[in-house]
Amino acid sequence: MTFNEHLTRFYGLPVYDIDEDRQEGVPLPEAGAAAWRVATSSWDGDDEECWAVAFARFLKAVDPAGVRALIVGCWGPSYDTDAGGPLDAIVAAADRLTSLEAVFVGDVVVEESEVSWINLCDMSPLLTAYPGLRELGVRGGDTLEFTAIRHEALASLTIETGGLPRGPLRAVLDSELPALERLDLWLGVSAYGGDVELADLQPLLSGGAFPELRHLGLRNSEIQDEIAAALAGAPVVAQLRTLDLSLGTLGDAGAAALLAGQPLTHLERLDLHHHFLSEAMEERVREALEPHGVEVDLSGRETPWGEPWAGDGMYTMVSE
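Residues numbered from 1 in each chain as written. Predicted model: local features only at pLDDT ≥ 70, side-chain atom pairs only at ≥ 80, totals over all residues. Heavy atoms only, no water.

Draft legend 1. How the structure looks around unusual backbone geometry. One non-glycine residue, Tyr11, lies in the positive phi region at around 60 degrees. By the secondary structure assignment, Tyr11 is in the loop between strand E1 (9-10) and strand E2 (13-17). Even without glycine at this site, Leu247 takes up a positive phi of about 75 degrees. By the secondary structure assignment, Leu247 is in the loop between strand E10 (242-244) and helix H7 (252-260). For Leu247, a relative accessible area of 3% corresponds to the buried category. (Helix = DSSP H or I, 4+ residues; strand = E, 2+ residues; numbered from the N terminus. Buried < 20%, exposed > 50% of the residue type's maximum accessible area, 1.4 Å probe, protein only.)

Draft legend 2. The arrangement of the sheet that holds strand E9 (residues 215-221) in detail. Spatial strand order, E1-E2-E3-E4-E5-E6-E7-E8-E9-E10-E11-E12: 12 strands in an open sheet with mixed pairing. Edge positions in the sheet fall to E1 and strand E12 (295-297), since each of these pairs with one other strand and no more. Direction of pairing for strand E7 (residues 156-161) relative to strand E8 (residues 182-188): parallel, over a ladder of 4 bridges. Pairing of Ile159 across the sheet is with Leu185, part of E8. (Pairing = 2+ DSSP bridges.)

Draft legend 3. The arrangement of the packing of aromatic side chains in detail. Inspection of every chain in the model, using the stated rule, returns 8 aromatic pairs. Measuring from centroid to centroid gives 5.1 Å for Trp51 and Phe55, while their planes differ by 20 degrees, and the two rings are stacked. Of the two residues, Trp51 and Phe55 are both situated in helix H1 (residues 47-61); the distance of 4 residues between them amounts to about one turn of the helix. You can call Trp51 buried: its relative accessible area is 1%. Connected via pairs of aromatic rings, a cluster forms that spans Tyr16, Trp36, Trp51, Phe55 and Phe58. (Phe/Tyr/Trp six-rings, centres within 6.5 Å; stacked < 30°, edge-to-face > 60°.)

Draft legend 4. Region of interest: the environment of Leu97. The topology assignment puts Leu97 in the loop between helix H2 (84-92) and strand E5 (102-107). A residue is classified by how much of its surface remains accessible, and Leu97, at 1% relative accessible area, is buried. Not counting the four nearest positions on each side in its chain, Leu97 is found in contact with Phe55, Leu59, Pro64, Val67, Leu70 and Tyr130. (Contact = heavy atoms within 4.5 Å.)

Draft legend 5. Structural context of the packing of helix H6 (residues 224-231) against H7. Closest axis-to-axis distance for the H6/H7 pair is 7 Å, and the angle between their directions is 5 degrees. Between H6 and H7, the angle is such that the two are roughly parallel. Note on element contacts: H7 touches H6 through Ala253, Gly254, Ala257 and Leu258, opposite Asp225, Ala228, Ala229 and Leu231. Its residues placed into classes, the contact of H6 with H7 shows 6 nonpolar, 1 polar and 1 charged. (Axes fitted to C-alpha atoms, helices over the stretch in contact; angles between N-to-C directions. Parallel < 35°, antiparallel > 145°, perpendicular 65-115°, else oblique. Nonpolar A, V, L, I, M, F, W, Y, C, P; charged D, E, K, R; others polar.)

Draft legend 6. Geometry of the packing of H7 against helix H8 (residues 279-289). Relative to each other, H7 and H8 sit at 20 degrees, their axes nearing to 10 Å. It follows that H7 is roughly parallel to H8 by the angle criterion. When the axes of H7 and H8 are compared, the crossing they make is left-handed. Residues Asp252, Ala255, Ala256 and Leu259 of H7 form the contact with H8, whose own contacting residues are Met281, Arg284, Val285 and Ala288. In terms of residue class, the contact of H7 with H8 is built from 6 nonpolar, no polar and 2 charged. (Left-handed = near helix turned anticlockwise from the far one by under 90°.)

Draft legend 7. Representation of the environment of Val105 within the structure. By the element assignment, Val105 lies in strand E5. The exposure class assigned to Val105 is buried, which follows from its relative accessible area of 0%. Separated by 35 residues in sequence, Val105 and Gly140 have C-alpha atoms that sit 8.7 Å apart. Each residue touching Val105, except ones within four places of it in the same chain, is listed here: Val72, Ala83, Leu87, Leu120, Met123, Gly137, Val138 and Arg139.

Draft legend 8. Seen up close, the pattern of salt bridges. Under the criterion given, the structure shown has 21 salt bridges. As a salt-bridge pair, Glu160 and Arg139 come within 2.8 Å of each other at their nearest N and O atoms. With Glu160 in strand E7 and Arg139 in strand E6 (residues 135-140), the pair connects residues that are 21 residues apart, well separated along the chain. Overall, the relative accessible area of 3% leaves Arg139 in the buried class. Note that Glu282 is salt-bridged to Arg301, the shortest N-O span being 3.0 Å. In this pair, Glu282 is assigned in helix H8 and Arg301 in the segment after E12, connecting sequence segments 19 residues apart. Residue Glu282 is classed as buried on the basis of its relative accessible area of 7%. Owing to a relative accessible area of 39%, Arg301 belongs among the partly exposed residues under this scheme. Within the structure, one salt-bridge network assembled from shared partners comprises Asp17, Arg37, Asp107, Arg139 and Glu160. (Salt bridge = Lys/Arg side-chain N within 4 Å of Asp/Glu carboxyl O.)

What follows is the structure, given as C-alpha cells:
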C-alpha cells in the first residue's frame with residue numbers, strides 16, 4: 001500500500017484545500033466547519049518560503065480564531081526538507097489560531113513522496129504551543145522526533161510510518177497524556193528505520209502509561225505475531241474497547257496466541273485486516289468473538305511471496 005489520496009475528512013470535518021477547492025463566486029466554508037489543508041507543490045524549489053506564503057494567504061482568507069482543524073500537506077520536496085518550516089509557522093500563529101483542536105502533519109501522497117522519505121521534525125513544540133489540542137496525526141518517520149512532555153488535552157495520537165524509530169516511541173510513552181483515549185502506531189519494518197522491539201512497548205502493554213486509553217492500534221508491523229502474543233497477557237487490553245493489529249504480518253501463530261490468552265469478548269471491535277491467517281484460523285477467530293458481539297475485520301487475506309524473496313514472504317502494507 002501507498003498513500004494514493006489526500007485526506008478527505010479529518011477530526012470529523014470535510015477537508016478543504018483553499019487553493020485547490022476554492023471556486024470563484026462561491027463563499028468559503030465557515031472557519032470551524034472544515035479541516036483546512038495548506039500545501040504547496042512537491043517540486044517547488046524554495047519550499048519553506050512557498051509554504052509560508054500559502055499559510056499566510058490562508059490566515060488572511062479565513063477567520064483564524066474559528067479554525068478547529070489544520071492539515072499540513074506537501075511543503076515542497078519533503079524528501080530533502082523537514083517539516084520544521086511549516087511547524088514553526090503554525091507555532092508562531094498560536095495567538096491567532098486560538099480554537100485549534102486538531103493538526104495532521106504530512107498529508108503527502110506517493111506522487112509527492114514515499115512515506116518513508118517524508119522528513120518530519122520534533123512534534124513536541126506544536127503540543128506545547130497549543131495546550132488545547134485534542135488530536136495530532138503525523139505521517140512520515142524519517143527524522144521524526146518527540147520530546148517527552150505533559151499535555152492535558154490530547155485525546156488522539158496517530159503516527160503513520162513505514163518504519164517507526166525507537167526514540168520517538170520512547171518519548172511518547174514517557175509523556176504524561178492523561179486524556180489520551182486513542183493511540184495508533186504504525187511500526188513498519190527495519191529496512192525503513194523501524195527498530196522498535198517488543199521490549200520498547202512494555203510501558204504501553206503494562207497499562208500504566210495512559211489510564212484513559214480505549215483504542216490501541218499496533219499496526220503495520222513485521223513483528224505482528226510477537227505483538228499479538230504479548231497482548232494475550234497484557235494488562236492494557238482490559239481497558240480497551242477497540243484493538244487494531246491490521247496491516248502487518250499477522251499469521252496463525254499470532255492469532256492462536258491471542259485467542260489462548262485473556263478474554264477479548266469485552267471488545268467492541270478487533271481489526272486484523274491485511275493478514276496471513278489460514279481460512280481455518282479465520283473461522284476460529286470469528287467463532288471465538290463474533291457470538292459475543294465483537295466486530296471482527298478479517299478482510300484482506302494475503303498470500304506470502306514465494307521465491308526468490310527472503311524470509312517467510314510475509315509483508316506489511318506500508319514500508320517504503
